[in-house]
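# Tertiary structure, described
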Amino acid sequence: MTTLEAGRIVGAGLDRVDAPLKVTGAAQYPNDFTLPGMTHAALVGSTVAAGRITGIDASEALAAPGVLTVITHLTAPSLEHGPMTLLGGSPPVPLQDDRILHYGQHVAIVVAESAEQARHAARLIRIQYEATEALLDVGDPRAEIVVNPWGMDTERGDVGAGFAQADVVVEGTYTTPDNTNNPLGLMTTVASWHGDSLTVHDSTQWPHNVRTTLAAVFRIPESGIRVLAPFVGGGFGAGLRVWSHVILAVLAARELKRPVKLVLTRPEMFTSVGHRPNSVQQIKVGATRDGDLVAIEHHGISSVAMEDDDYEPVSAGSAVAYACPNVLTRDRQARLNIPCPGSMRAPAEGQGNFALESAIDDVAHAVGMDPLEFRLRNFADEHPLHGLPWSSNALRECYLEGAERFGWSRRGREPGSMREGSLLVGYGLAGVSYPFYQVPCQARVSVRHDGSAYARSAATDIGTGTYTVMTQLTAELLGLDVTRVRFDLGDSDMPYAPQAGGSGLTGALSNAVHAACRRLTREFLDVVRDDPRSPLQGATAEDVAVSDGRIHLIEDSAQGESYVGILARHGLEELSADGRSTPPRAEDLGMAPAGAFGAKFVEVRIDPMLGLLRVARVVSAIDGGRILNEKTATSQIIGGTVGGISQAMFEETATDAVTGRIANATFGDYLMPVNADVPDIEVLFVGGPDRATRTGTKGIGEVGLVGLAAAIGNAVFHATGRRVRSLPITIDQLML
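Starting afresh in each chain, residues are numbered from 1 along the sequence in its written order. Only residues with pLDDT of at least 70 get local features here, since the model is predicted, and only at 80 or more are side-chain atom pairs given and counted; chain-wide, interface and lining totals rely on the full set of residues. The side-chain numbers reported here are obtained from all heavy atoms of the structure, hydrogens and water having been left aside.

It is worth spelling out the overall build of the protein at this point. Helix numbering and strand numbering both begin at the N terminus, where a helix is a DSSP run of H or I of at least 4 residues and a strand a DSSP run of E of at least 2. Counting its regular elements, the protein contains 17 helices and 29 strands. Every radius of gyration here is taken over C-alpha atoms, with the globule rule written as 2.2 Å times N^0.38, N being the number of residues. The globule rule puts the C-alpha radius of gyration for 736 residues at 27 Å, and the 27 Å found for the protein is close to it. The principal-axis extent of the C-alpha atoms belonging to the protein is close to 85 × 75 × 50 Å. Per-residue burial over the protein gives 62% buried out of 736 residues. Considering only intrachain contacts with a sequence separation of at least 6, the fraction spanning at least 24 residues in the protein is 80%. Only the protein chains shown count as cover for residues, and all accessible areas are computed by the Shrake-Rupley method using a 1.4 Å probe. Accessible surface for the protein amounts to roughly 27200 Å². Of this, 50% is attributable to carbon and sulfur atoms. Within the protein, the 85 negative side-chain charges are centred at a point lying 2 Å from the centre of the 61 positive side-chain charges. Residue burial is assigned from relative accessible area. The probe radius is 1.4 Å, only protein chains are included, and a residue is buried under 20% of its type maximum, exposed over 50%, and partly exposed in between. Throughout, a residue-residue contact means that at least one pair of heavy atoms, one from each residue, lies within 4.5 Å. Only four residue types enter the charge count, namely Lys and Arg as positive and Asp and Glu as negative; His and the chain termini do not. The location of each charge is read from NZ of Lys, CZ of Arg, CG of Asp or CD of Glu.

Rendered as structure tokens:
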């Protein structure tokens, strides 16, 4: 039984409701769509990183079999720049001039009757360039520096005075490389015009953003655009922006007056849909001999494209991670001739946490304190910047319960003190305080004459389980079996939803669904308010609960009636209600809205002769607020853990220092972990519902990844006594 204001709010490990469609091949991803008269497009990328186009010869391509058109900056119409979004500005619009800003920049699109014909013709286009020297190094003194790009630099206390009173000060420079998102599904756009109306199937994590952007770029009303993305094929952040290939597919479809499909190649995925930018971080931490933090100073610089913006405040997490009285964080960006960076799972936090948590371990070692004890001693009982209590914070429990499950007490105190045969053994730990993020969201819920429910919102499910948890939530809030509920998403004609990214969708959408279900129950009560035949006559929302497809009085569950009965008696096919959520504000709550927290424990094995590193075990203890589905939530953390191992030990997008060409832009060359590289992973959830919202959820999409790189690095230090400050951790860094 569930009331409108309280209840268990799911939690069962329900299997994914979309799984049958996926395993049978019935789920249609963007590249599965074939439309009558559809044509196929291929892109031409720049072969220089900086300069101008001085000539284009497309005659051979235009004469090739099946070719319908070639569009370059010489023939493309003028397009408007995309709008400002919740995640920042839109990327540059393609084919508007002759300038080259990065290697692989889209300089032409070829459309033909078949994909093979388009790709063949694209290779026939001859382009001459006037190349200039490219800026490719974040440390290049010629690069334009953007200071405090997002206004997030912080300073509290007196950092200089804090370091003056410190008994121990450690400092170091940490570097992280470019990483590329690489979802399994190649990003695809299928565009079709019907007069002035446009339909787009796209690999997006945010259908409404695609609609708004295309409306602005092509100067048409949003009401004439429909964007569909019921299944995406992964994203990791690559689908959060409207990239130039989407605009080019829409442009080509308008020019030809025929549908156009454009599927990026794997190498194009490295230059077309964002990447985690590299960073250089200087961090300095001071503490007393008793283990009290007295000062933290964290400076970060990351790369950004020449004419774009990217949200990547790598130092920001250090401002709120610990109860330290004196903290300064500063971020900068260097403009380079590189493809536009973008969000990649745990943007900024993935890099910044590596530096901070490595330095925290060094301080703990310097004062002779166990790293776990040191973190517990400096736990932030309240939000360090706002001075308010957290809406929830079970990080202390994450440390304690994770340590018990991991067996942290078996850890040898000194580096190099643990062995298994000839192998060095290391235990490492990292704490995670992931920032709160939530934006407005809307949902609509209906109950039909047969007693089934239909809920929908324009969100996307990139494999995180949104279909499933929202089906569960709707079922519980309406008192229905999950088999009687259908939840749809991925359609911009549905109520507005924000992006699937930033660990913000579940909170925003679940509270919108909660509001819609609550309002819908009130709509049913309004129908019978003056009905003498109804046992619910005159009842208010506070008087009733729902279960087994019925609304009934709390005080007497026999007094009630079914949705089916109410609809039938009043001649209604269905009742619907809209719900919306707004992000909670600290000033209204008297609390600081909290994101997820976590503690990561890692055991490594190192062969000192060969420098081989293996992760043997991982325990992730997570405070994710109320967990709507423990099975899908566990899967999220496991996936993030694999991503964290990949960041720590494998991934590095290698760019040629002279040409700007990405040298490892294939799955054969870009290293990622395979099954043999992934150890036993244990996940435990601690804490309870968050007090900031009715559903009590917190996003966990990113917290699974953050902390793994630092925990592995700390385990390496424990095993060897060697501090690695550059990712990925490679054999040459470990040979003793």
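Here the narrative resumes.
Only centres within 6.5 Å qualify two rings of Phe, Tyr or Trp (six-membered ring in Trp) as a pair; their planes then separate them into stacked at under 30 degrees, edge-to-face at over 60, and tilted for everything else. A full pass over the atoms with the stated rule returns 13 aromatic pairs. Geometrically, the ring pair formed by W150 and Y311 is edge-to-face, given 5.8 Å between the ring centres and 70 degrees between the ring planes. Of this pair, W150 sits in the loop between strand 8 (145–147) and strand 9 (154–156) while Y311 sits in the loop between strand 16 (293–305) and strand 17 (327–336), and the two are 161 residues apart along the sequence. Pairing W193 with F218 gives two aromatic rings, centres 6.3 Å apart and planes at 70 degrees, and the pair type is edge-to-face. Highlighted residues: W193 in strand 11 (residues 188–194) and F218 in helix 5 (residues 207–218), separated in sequence by 25 residues. Exposure remark for F218: the relative accessible area of 4% places this residue in the buried category.

Residues grouped as a nonpolar core are buried Ala, Val, Leu, Ile, Met, Phe, Trp, Tyr and Cys residues, joined through side-chain atoms within 4.5 Å. One finds V285, F374, V602, V604, L613 and I712 to be the most contacted residues of the largest nonpolar core, which totals 69 residues. A per-element tally of this core places helix 16 (residues 708–720) first, with eight residues. Apart from the residues lying within four places of it in its own chain, the contact partners of I712 are V602, V604, L613, V615, I645, A648, M649 and I729. Counting 44 residues, the second-largest nonpolar core is a separate cluster that includes F231, V447, L525 and A539.

A few words on the pattern of salt bridges. Criterion for a salt bridge: a side-chain nitrogen of Lys or Arg within 4 Å of a carboxyl oxygen of Asp or Glu. Following the criterion strictly, the structure yields 40 salt bridges and no others. A salt bridge links R723 to D362, with the nearest nitrogen and oxygen atoms 2.9 Å apart. With R723 in the loop between helix 16 and helix 17 (731–734) and D362 in helix 8 (residues 349–366), the pair connects residues that are 361 residues apart, well separated along the chain. In terms of burial, R723 and D362 fall into one category: buried. A salt bridge links D623 to K698; the shortest N-O distance between them is 3.0 Å.

This part takes up a nonpolar patch on the surface. Taken together, the side chains of M609, L610, L612, I731 and M735 make up a nonpolar region of the molecular surface, amounting to roughly 480 Å² of accessible area. Among the secondary structure elements, I731 is positioned in helix 17. Like-charged residues are merged into a patch within 9 Å and nonpolar side chains (Val, Leu, Ile, Met, Phe, Trp, Tyr) within 5 Å, provided each residue has over 30% relative accessible area and no salt bridge.

Moving on to helix 5. Expected span of a helix, by definition, is 1.5 Å for each gap between consecutive residues, and there is one gap fewer than residues. Given a rise of 1.5 Å per residue, 12 residues ought to cover 16 Å, and the 17 Å separating the end C-alpha atoms of helix 5 matches this to within 8%. Among the 12 residues in helix 5, 10 count as buried, and that is most of the element. Here helix 5 has its buried residues at P207, H208, N209, V210, R211, T213, L214, A215, V217 and F218. Next to the buried residues of helix 5 lie strand 12 (197–202), strand 13 (225–228) and helix 6 (244–256). Directly beyond the C-terminal end of helix 5, a positive phi value near 55 degrees is found at R219.

Attention shifts here to the sheet that holds strand 11. Only when DSSP finds a minimum of two bridges between them are two strands counted as paired. Pairing is mixed in the open sheet, where seven strands are placed in the order 4-6-2-14-11-12-13. Of all the strands in the sheet, the pair left with one neighbour each is strand 4 (67–72) and strand 13. Taken pair by pair, the neighbouring strands of this sheet meet at an average axis angle of 20 degrees, ignoring direction. Here helix 6 sits on the sheet and contacts strand 2 (39–45), strand 4, strand 6 (106–112), strand 11, strand 12 and strand 14 (260–263); the angle it forms with strand 11, its principal contact strand, is near 30 degrees. Note on method: axes are straight lines fitted to C-alpha atoms, helices fitted across the in-contact stretch only, with angles between N-to-C directions ranging 0 to 180 degrees.

In this section: the pairing of strand 16. Within strand 16, 11 of the 13 residues are buried, leaving the element largely enclosed by the surrounding structure. Direction of pairing for strand 15 (residues 279–287) relative to strand 16: antiparallel, over a ladder of nine bridges. Residue pairing in the sheet places V280 in a bridge with I301 of strand 16. Linking strand 15 to strand 16, which pair antiparallel, is a turn of five residues; within it G291 sits at a positive phi near 95 degrees.

Glancing now at the packing of helix 15 (residues 630–649) against helix 16. The N-to-C vectors of helix 15 and helix 16 enclose an angle of 55 degrees; their axes lie 8 Å apart at closest approach. Overall, the two elements helix 15 and helix 16 adopt an arrangement that is oblique. Judged by the twist between their axes, the crossing of helix 15 over helix 16 is right-handed. Along its contact with helix 15, which presents T641, G644, I645, Q647, A648 and M649, the element helix 16 presents L708, A709 and I712. When residues are sorted by character, Ala, Val, Leu, Ile, Met, Phe, Trp, Tyr, Cys and Pro go into the nonpolar class, Asp, Glu, Lys and Arg into the charged class, and all the rest, Gly among them, into the polar class. Partitioning the contact of helix 15 with helix 16 into residue classes produces six nonpolar, three polar and no charged. Put simply, angles under 35 degrees are roughly parallel, angles over 145 are roughly antiparallel, angles from 65 to 115 are roughly perpendicular, and the rest are oblique. In a left-handed crossing the near helix is turned counterclockwise from the far helix by less than a right angle, and in a right-handed crossing that turn is clockwise.

We now examine helix 12 (residues 505–527). For helix 12, spanning 23 residues, the distance from its first C-alpha to its last is 33 Å, which sits close to the expected 33 Å at 1.5 Å a residue. Among the 23 residues of helix 12, 17 are classified as buried, and the element is accordingly described as predominantly covered.

What follows is about unusual backbone geometry. A cis amide bond, omega -5 degrees, links L727 with the succeeding residue P728. Backbone geometry places A346, a non-glycine residue, at a positive phi of 65 degrees. By the secondary structure assignment, A346 is in the loop between strand 17 and helix 8. Exposure remark for A346: the relative accessible area of 0% places this residue in the buried category. Residue D548 is not a glycine yet carries a positive backbone phi of 55 degrees. Residue position: D548 is located in the loop between strand 23 (544–547) and strand 24 (550–553). You can call D548 exposed: its relative accessible area is 71%.

Here we take up the pairing of strand 27 (residues 597–607). Of all 11 residues making up strand 27, 11 are buried, and the element is well covered by its neighbours. Relative to strand 27, strand 19 (residues 423–433) is paired through 10 bridges, and the arrangement is antiparallel. Counted as the bridge partner of G428 is V602 from strand 27. Counting the residues between successive antiparallel strands, the hairpin from strand 27 to strand 28 (residues 612–623) contains four residues, one of them, G611, with a positive phi of roughly 70 degrees.

What follows concerns the side chain of D690. Residue position: D690 is located in the loop between strand 29 (680–685) and helix 16. Salt bridges are absent for the buried D690, whose nearest opposite-charge side chain, K698, sits at 4.4 Å. N or O atoms closer than or at 3.5 Å make up a polar contact, with two conditions inside protein: a donor-capable atom paired with an acceptor-capable one, and, for residues adjacent in sequence, both atoms drawn from side chains. There is a polar contact of 2.7 Å between the side chain of D690 and the side chain of S391. The contact partners of D690, leaving out residues within four places of it in the chain, are S391, S392, A594, G625, R626, G696, T697 and K698.

Glancing now at the environment of A430. Tracing the chain through its elements places A430 in strand 19. Judged by its relative accessible area of 0%, A430 falls in the buried class. Distance from A430 to G713, taken between C-alpha atoms, is 9.5 Å for residues 283 residues apart in sequence. Beyond its immediate stretch of four places on either side in the chain, A430 contacts E357, R375, G598, A599, K600, G707, A710 and A711.

This brings us to the packing of helix 5 against helix 6. The geometry of helix 5 relative to helix 6 is characterised by a closest axis approach of 11 Å and an angle of 55 degrees between their N-to-C directions. One finds that helix 5 runs oblique with respect to helix 6. Between helix 5 and helix 6 the crossing geometry is right-handed. Along the contact surface, helix 5 presents L214, V217 and F218, while helix 6 presents V246, I247, V250, L251 and R254.

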